[in-house]
Amino acid sequence: MRKIRRWGPGLLLVSPSIVLVAVFVYGLIGWNVKVSFSDWRQAVQTSGFDTSAYRELFPSASAGQVWDFLTAVVTGNQPDSLNTDPAWVIDLHHALLFTVAFVLGALIVGASLAFLLDKGVAGEGMFRAIYLFPMAVSFIAAGVVWRWLMNPAEGDRLTGFNLLFHKMGLGFLGNQWYLGPTWGAAALAIPAVWALSGYIMALYLAGFRGVPEELREAARMDGASEWRVYRHVVFPHLTPVTLSALIILGHISVKVFDLIVAIGGKQLITQTPAVYMWILIYDARDYAKGAAIATLLLIGISVLVIPYLVYTVRSERNV
Amino acid sequence: MSTASVAVEPRIRQRRRRQTQARIVKYALLVFAAVVVLLPVYVLLVASFKGGGEADPSRAWSLPHVWSIDAWRQAWNGEQYGLLPFLKNSLKLVIPATLISTMLGSLNGFVLSRWRFPGSDIVFLFLLFGMFIPYQAVMIPLSQIFIDVHFPEGIPRLVFAHIVYGIPITTLIFRSYYATIPEDLIEAARMDRAGMLRTYWSVVLPVSAPAFVVTAIWQFTSIWNDFLFAVFLITDPAQWPVTVALNNTTGSLVTPYNVQMAAALIASLPTLVVYIALGRYFMRGLMAGALKG
């Protein structure tokens, strides 16, 4: 009884939040799954259980179809015989290209910037502030200028980066950017790398600085060159940072939406799963399929995040 | 002895020269990266100060011949492209949502770190997961539920959504912050038989200012910049926050590009001002949210 008096009020104080999250996160996720298995595919809905939305998103269970589906997602070329929704297959292909370009790009740029800043440079605060500022800008506003920078127009209408390259005598670098038929989705990752590299830099910088100076000093005493100090002492310490960075970037990538809408609008050539879900609901009123895609996004992210959360909380407890 | 020093000296000099070279390369790379990061800002500024006649693609990278604020005026309150009403909407959204979710986060964070109950770690994990979900996974039922219960249309729906889905991150930031308050302080209050609210009010709240600033900045920035919730939950264009209005203005091919750029700048100014004024706290929020993206 006395114990309840001790912790009861605390539980009471948090309970509104618990209820809100229980209803609006977990409850609505459940409801969304239910919608995805319904036949709410036009304006009207009967009460039937229907898996047709998923059947359009997954290949049918024959080895040939599964193989065709997977190769189509990887290469972007769909054979006519494939019976999944063609737009969805293109979305997945775009998501794959975007993710690889974005995650690698932001990791490499961010880690390199942190590496350059690590040992202290004059004006470090200013460099950091500049690299981080894109985090304060919305993807919609950033999209306005990036769409212009990556304008694919040619000839008289030449502009953006293509014009800059042309003026610098680097005209051969000119390309179609996000409207390129093969690598367009990877070009869309450029503004995303621009936006997130500063954040990754900050994570890595904290990681670099978290390595005890005595360890570095000890390695130097043993005659290790500065590079070897990094190679054998500092880098191994960065595994947790890299893991966090991968999770953060991966989960942004799965749900990328604003940036794509701001740059490419609703065009199929830039479409990603999250954008398709929006189109399905707003234009096609296909709620079941929209909900099915949302469910798949959630599953994709949970696979990334849940093990990470459990791991983080566990290691917190061990400290 | 003397032969040894003769051999060593050029090596030291060589090493020093190599260090200088390395430093030059390092600064060159850092400056290059800074220029690339700022390039879009240059484009935005230069284009936004060009008059209508100068907005020709072939001169896009050059400075304006005549500096004009015409585009800014049109993007601010021009008849066709004016963002002013939508900026007001965003303010009406961001202020209550930020204040309330920050308060909630503070109370939750306090209980979950300093007034724990059995299972409070599990409750934290339960809340935390809400931060990572793609909001698409709740969007269809959420807009449905608002209609079903006749929730006031427009901005109030967005305020509510941002408060609810802000619970995880605000709780996380405060919980980590309060974990650094010495346990003795809390214990002393408990010894004085102070209750939970009294302890919160007289011991915890007075030292909470930094966490409030960090959380409020985080919430302000993400709510101001939000597009997803707004585009799904707001049906009446008069209630659009500025991100949706901006996307609508700039998505149309007829909008002159100098106006587009001025509009993008105007829509970003509030968060940029906060970033410039309080960048230190912004950074701390980011690190607290290292769990988040």
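Conventions used here
- Residues numbered from 1 in each chain as written.
- Chains lettered and ligands numbered in written order.
- Predicted model: local features only at pLDDT ≥ 70, side-chain atom pairs only at ≥ 80, totals over all residues.
- Helix = DSSP H or I, 4+ residues; strand = E, 2+ residues; numbered from the N terminus.
- Rg over C-alpha atoms; globule rule 2.2 N^0.38 Å.
- Buried ≥ 20, exposed ≤ 12 C-beta atoms within 10 Å, placed from the backbone.
- Contact = placed C-beta atoms within 7 Å.
- Nonpolar A, V, L, I, M, F, W, Y, C, P; charged D, E, K, R; others polar.
- Domains from an automatic or database assignment.
- Core = buried A, V, L, I, M, F, W, Y, C linked by C-beta atoms within 7 Å.
- Axes fitted to C-alpha atoms, helices over the stretch in contact; angles between N-to-C directions.
- Left-handed = near helix turned anticlockwise from the far one by under 90°.

> For this particular structure, what's the right way to read the overall build of chain B?
On a plain count of helices and strands, chain B comes out with twelve helices and zero strands. Listing the helices and strands of chain B from first to last along the sequence gives α-α-α-α-α-α-α-α-α-α-α-α. A globule of 293 residues ought to have a C-alpha radius of gyration of about 19 Å, yet chain B, at 26 Å, is considerably larger. Structurally, chain B occupies a C-alpha span of about 75 × 75 × 35 Å along its principal axes. Residues classed as buried in chain B amount to 47% of the 293 residues present. By sequence separation, contacts in chain B at least 24 residues apart represent 77% of the contacts at least 6 residues apart.

> Hey, could you run me through the overall build of chain A in this one?
Each helix and strand in chain A was counted, giving 14 helices and zero strands. When the elements of chain A are put in sequence order from the N terminus, they spell out α-α-α-α-α-α-α-α-α-α-α-α-α-α. Viewed in the frame of its principal axes, chain A has a C-alpha envelope of about 80 × 75 × 40 Å. For chain A, buried positions account for 44% of its 319 residues. Of the contacts formed within chain A by residues at least 6 apart in sequence, a portion of 65% connects residues at least 24 apart.

> Explain the interface of chain A and chain B to me, please; I cannot follow it from the model alone.
Listed as interface residues are 75 residues of chain A and, on the opposing side, 72 residues of chain B. When residues of the side of chain A that touches chain B are assigned to their parent elements, the largest contribution, 17 residues, is made by helix H1 (residues 2-36) of chain A. Each residue belonging to the side of chain A that touches chain B can be placed in one class, and the counts come to 61 nonpolar, eleven polar and three charged.

> Help me understand the environment of Gln21 of chain B, please; the structure alone is not making it clear to me.
With respect to the helices and strands, Gln21 of chain B occurs in helix H1 (residues 2-48). Its 10 C-beta neighbours within 10 Å are what place Gln21 of chain B among the exposed residues.

> Hey, could you run me through the domain arrangement of chain B in this one?
Frequently, the measure chosen for interface size is the accessible area that the parts lose on association. Residue and element names in this part refer to chain B. Under the domain assignment, chain B is made up of domain 1 (2-73) and domain 2 (83-291). The distance between the C-alpha centroids of domain 1 and domain 2 comes to 36 Å. Of all the secondary-structure elements, those providing two or more residues to the side of domain 1 that touches domain 2 are H1 and helix H2 (70-77). Counting residues per element, the side of domain 1 that touches domain 2 draws most heavily on H1, at three residues. For the side of domain 1 that touches domain 2, the residue count by class is five nonpolar, two polar and one charged.

> Would you mind showing me how to read the nonpolar core here?
The tendency in soluble globular proteins is for nonpolar side chains to be buried as a group. Among the nonpolar cores identified, the biggest contains 189 residues, and Phe98 and Val145 of chain A together with Leu83, Ala263 and Ala264 of chain B are the most heavily contacted of them. Among the elements that take part in this core, helix H8 (residues 184-209) of chain A stands out by supplying 18 residues, more than any other. Here this core spans two domains, and each of domain 1 (2-73) and domain 2 (83-291) of chain B adds at least three residues to it. Excluding its chain neighbours within four sequence positions, the residues that come into contact with Ala263 of chain B are Ala75, Tyr81, Leu83, Leu246, Thr249 and Thr250 of chain B.

> Sorry if this is basic, but what is going on with unusual backbone geometry here?
What is expected of a backbone is that most residues other than glycine have negative phi and most peptide bonds are trans. One non-glycine residue, Arg285 of chain A, lies in the positive phi region at around 55°. If you trace the backbone, Arg285 of chain A turns up in the loop between helix H13 (273-282) and helix H14 (287-318). Residue class for Arg285 of chain A comes out partly exposed when judged on the 13 C-beta atoms lying within 10 Å of it. Despite not being glycine, His150 of chain B has its phi angle at roughly 55°, a positive value. Inspection of the secondary structure assignment puts His150 of chain B in the loop between helix H5 (136-148) and helix H6 (155-178).

> Quick question: what am I supposed to make of helix H7 (residues 160-167) of chain A here?
Side chains three or four residues apart in an α-helix point the same way, a direct result of the helix having 3.6 residues per turn. Residue and element names in this part refer to chain A. Of the residues making up H7, those classed as buried are Gly160, Phe161, Asn162 and Leu163. Along its buried surface, H7 packs onto helix H6 (139-149). One or two steps after H7, the chain reaches Gly169, where phi turns positive at roughly 75°.

> Any chance you could explain the environment of Phe227 of chain B here in plain terms?
Topologically, Phe227 of chain B is positioned in the loop between helix H9 (209-225) and helix H10 (228-233). For the pair Phe227 of chain B and Phe86 of chain B, spaced 141 residues apart in sequence, the C-alpha separation works out to 13 Å. Not counting chain neighbours up to four residues away, the residues in contact with Phe227 of chain B comprise Ser138, Ile140 and Asp258 of chain A together with Thr243, Val244 and Asn247 of chain B.

> For this particular structure, what's the right way to read the packing of helix H3 (residues 84-114) of chain B against H6 of chain B?
The packing of two helices is summarised by the inter-axis angle and the distance between the axes. All names here are of chain B. Their axes nearest at 6 Å, the elements H3 and H6 cross at an angle of 35°. Read as a crossing pair, H3 and H6 show a hand that is right-handed. Each residue belonging to the contact of H3 with H6 can be placed in one class, and the counts come to 16 nonpolar, twelve polar and three charged.

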